[in-house]
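So the chains spell out like this:
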Amino acid sequence: MSDKTQVSTAAAPRRKNTRLPAEIDAQLLSQERRAFLRKGAAMAGSAFAAGTVGASGAGAAPLAVPDSNKSMGKPIPATEYGMPSKFEKHVVRRRTDVLVNRQNWSDWSMTPLQYQPGIITPNGLIYERHHAGTPDIDPDKHHLAIHGMVRQPLLFSMADLVRYPSVSRFHFMECSGNGLTDWLKPASKTVQQTHGLLSGVLWTGVPLSTLLEEAGVDPAGKWAIFEGADGSGHTRSIPIEKCLDDTLIVYASNGERLRPENGYPVRAFMPGWEGNVCVKWLRRIKITDQPAHFRSETARYTDPMPEGKWRQFSMVMECKSVVTNPSGGMQMKGPGFYEVTGFAWSGAGKIRAVDVSFDGGANWREATVEGPVMDKSLTRFKIGWNWNGQPATLMSRAVDSSGYVQPSVADIRKVRAIVGFVQHHNAMQPWSVNAKGEVTNVIGQV
Ligand SMILES: Nc1nc2c(c(=O)[nH]1)N[C@H]1C(S)=C(S)[C@@H](COP(=O)(O)O)O[C@H]1N2
Ligand SMILES: [Mo]
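The sections below set out a description of the structure shown in this document. If you're wondering where the values come from, they're calculated on a predicted model, not measured in any experiment. (Residues numbered from 1 in each chain as written. Chains lettered and ligands numbered in written order. Predicted model: local features only at pLDDT ≥ 70, side-chain atom pairs only at ≥ 80, totals over all residues. Heavy atoms only, no water.)

Let's shift gears to helix α6 (residues 208-215). Taken together, the buried positions of α6 are Leu208, Leu211, Leu212 and Ala215. Within α6, the buried residues cover an arc of 100° as seen down the axis, which keeps them to one side. Phi turns positive, to about 75°, at Gly216, one or two residues after α6. (Buried < 20%, exposed > 50% of the residue type's maximum accessible area, 1.4 Å probe, protein only. Helix = DSSP H or I, 4+ residues; strand = E, 2+ residues; numbered from the N terminus. Arc of directions from axis to C-beta.)

Attention shifts here to the sheet that holds strand β20 (residues 368-370). Strands sit in the order β16-β17-β21-β20 across an open sheet of four strands; the sheet is antiparallel. Of all the strands in the sheet, just β16 (320-325) and β20 have a single pairing partner and so form its edges. Put simply, the sheet's adjacent strands are angled 30° from each other on average, direction ignored. Bridging between β16 and strand β17 (residues 336-345) involves five bridges; their strand directions are antiparallel. Looking at the pairing, Val323 lines up with Gly342 of β17. (Pairing = 2+ DSSP bridges. Axes fitted to C-alpha atoms, helices over the stretch in contact; angles between N-to-C directions.)

Turning next to the nonpolar core. What tends to happen in soluble globular proteins is that the nonpolar side chains get buried as a cluster. Of all hydrophobic cores here, the largest spans 45 residues; its most connected members are Ile146, Leu208, Leu211, Phe226, Ile249, Leu282 and Ile285. At five residues, strand β10 (residues 248-253) tops the list of elements feeding residues into this core. Beyond its immediate chain neighbours, meaning those up to four positions away, Ile285 contacts Leu144, Ala145, Ile146, His147, Leu208, Ala224, Ile225, Phe226 and Ile249. Of all hydrophobic cores here, the second largest spans 32 residues; its members include Leu198, Ala344, Met374 and Trp385. (Core = buried A, V, L, I, M, F, W, Y, C linked by side-chain atoms within 4.5 Å. Contact = heavy atoms within 4.5 Å.)

Attention now goes to unusual backbone geometry. Residue Tyr264 is joined to Pro265 through a cis peptide bond whose omega torsion reads 5°. Following Gly371, the chain continues into Pro372 via a peptide bond in cis, with omega recorded as 0°. With respect to the secondary-structure elements, Pro372 resides in the loop between β20 and β21 (379-387). Phi at His293 is positive, roughly 55°, even though this residue is not glycine. Judged by its relative accessible area of 43%, His293 is partly exposed. Phi is positive for His424, close to 60°, though the residue is something other than glycine. Structurally, the position occupied by His424 is in the loop between α8 (409-415) and β23 (431-433).

What follows is about the pairing of strand β18 (residues 351-357). With respect to burial, β18 is a largely interior element, six of its seven residues being buried. Judged from the six bridges that link them, β18 and strand β22 (residues 392-400) form a sheet pairing that is antiparallel. Each residue of the ladder has a partner; that of Asp355, found in β22, is Arg397.

Moving on, we come to the pattern of salt bridges. Across all of its chains, the model carries 21 salt bridges by this definition. Arg93 is the salt-bridge partner of Glu128, the closest N and O atoms lying 3.2 Å from each other. A residue pair is termed long-range when its members are at least 10 positions apart, and Glu128 in strand β3 (residues 128-130) and Arg93 in the loop between α3 (22-44) and β1 (94-95) qualify at 35 residues. (Salt bridge = Lys/Arg side-chain N within 4 Å of Asp/Glu carboxyl O.)

On to the packing of aromatic side chains, then. For the structure shown, the criterion picks out six aromatic pairs. Relative to Trp385, the ring of Phe358 lies with its centre 5.0 Å away and its plane at 25°, an arrangement referred to as stacked. You can see Phe358 sitting in the loop between β18 and β19 (365-366) and its partner Trp385 sitting in strand β21, a full 27 residues away along the chain. The residues Phe358 and Trp385 share a single accessibility class, namely buried. Relative to Trp387, the ring of Trp385 has its centre 6.3 Å away and its plane inclined at 40°; by these criteria the two rings are tilted. Accessibility expressed as a relative area gives 8% for Trp385, which makes it buried. On the basis of relative accessible area, Trp387 is assigned to the buried category, the value being 3%. Taking NZ or CZ as reference, Arg397 lies 4.0 Å from the ring centre of Trp364, over its face. (Phe/Tyr/Trp six-rings, centres within 6.5 Å; stacked < 30°, edge-to-face > 60°. Lys NZ or Arg CZ within 6 Å of the ring centre and 35° of its normal.)

To continue, consider the side chain of His234. Note that His234 resides in the loop between β8 (223-228) and β9 (235-239). The exposure class of His234 is buried, given its relative accessible area of 11%. Apart from residues lying up to four places away in sequence, His234 is in contact with His131, Phe226, Glu227, Gly228, Asn276, Val279 and Ser296.

Another aspect to go through is empty space enclosed by the protein. Over the atoms, a rolled probe matching the size of one water molecule traces out where space is still vacant. Applying the stated criterion across every chain yields a total of five cavities of 30 Å³ or more. The space that makes up the largest cavity amounts to roughly 220 Å³. Every residue lining the largest cavity is counted, 20 residues in all, and those nearest its centre are Arg129, Arg267, Gly275, Cys278 and Lys280. Each residue belonging to the lining of the largest cavity can be placed in one class, and the counts come to seven nonpolar, eight polar and five charged. (1 Å grid on protein atoms, 1.4 Å probe; cavity = no way out; pocket = protein on both sides within 12 Å on 5 of 7 lines; lining within 4 Å. Points joined across faces, edges and corners; volume = space filled by probe spheres on them. Nonpolar A, V, L, I, M, F, W, Y, C, P; charged D, E, K, R; others polar.)

If you want it as structure tokens, here you go:
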């Protein structure tokens, strides 16, 4: 049979004739459904006592043939960059609705974590945080310099950089300002607003250690200064140990070159450390014998301590988790079985366990941590819940491979001062469900 015959419109009626009769379809479907429910009941025990999960119970009615079965679909264009279905338009990054900042170039947009089914954030949904907007950089004109206390200063074009041996690694990236509006009382409604300065990404690039080996770091070189090519000239000082350990010079995310807003054509990435150190649009790395004490290491990105002092260089993002389904702004569809899901992550290693409470922290159940469980990566957890229709308060608590347990705001208060908007908020996030099934942010209220 020629290609032409296969794609002719004659295929439509023929296909229709070869379909299973509708009643056989329905029979198969109900068999499958019974098998699914049996399996579910075996897995989740009493969780399925309420009967169906969400599928409606119509077992034997013949299925209607949808219009999509009766006509040809959209042909493949000669070239195309694929986009999500038009029915997924709500799955978008959103600017903050708490700190309205429209006149300011320093801005951020958040990842819709409530709609993210797995540990990867698609490139168009990776959160954005910039201090002076996104520059438009021609990769053919861009260079990265390594200089300062080195044996031989080096200048790389993008073409040079991509020739070096590369690695691909799954890691989360989180802004240390994630959650800063929601310490003591709820300001944000959704998990996108409370936790969306967080993304899970497959980063590809060159280990910085490779480039530093070639440059030859002076034994007295203890810090490296990273500078971006954007309007903010963003700069950070990084200890040489981190540079030689797992720091990456990244040019791709999730299988394609970085998006402009995430640092195209090249950025730094320090796994597990606050997003701010991951300098985008990277143009130079200067080796020095001491930190430079830039604005983002003094006036910003420091932690207030109880004695009125400020702590600098607290760059590891400590263990954290959040329930994303259900989460703020959602509406439960009546009592019955729910799979509660969320994310856990730690800048200090892997996720060891996640507990979930349904009564505001009085009792806890251990959730299933879904593999692969990777170092400094978003990790998914899930737990079955049979909602009885009564008010409930959900929250999660993660433990990482170092044994560190995610704190409450009260726990953090014992070791740090909390004054208004401050960074490094890794406390547990409570969501309350009322009898109507409305889910709201109740941080500071339980
Ligand atoms: N050059 C440059 N790098 C930068 C920034 C910036 O404004 N300019 N913002 C930093 C901050 S605060 C964060 S959280 C991350 C955000 O990276 P993203 O926009 O790819 O999510 O980039 C960091 N690197
Ligand atoms: Mo940030």
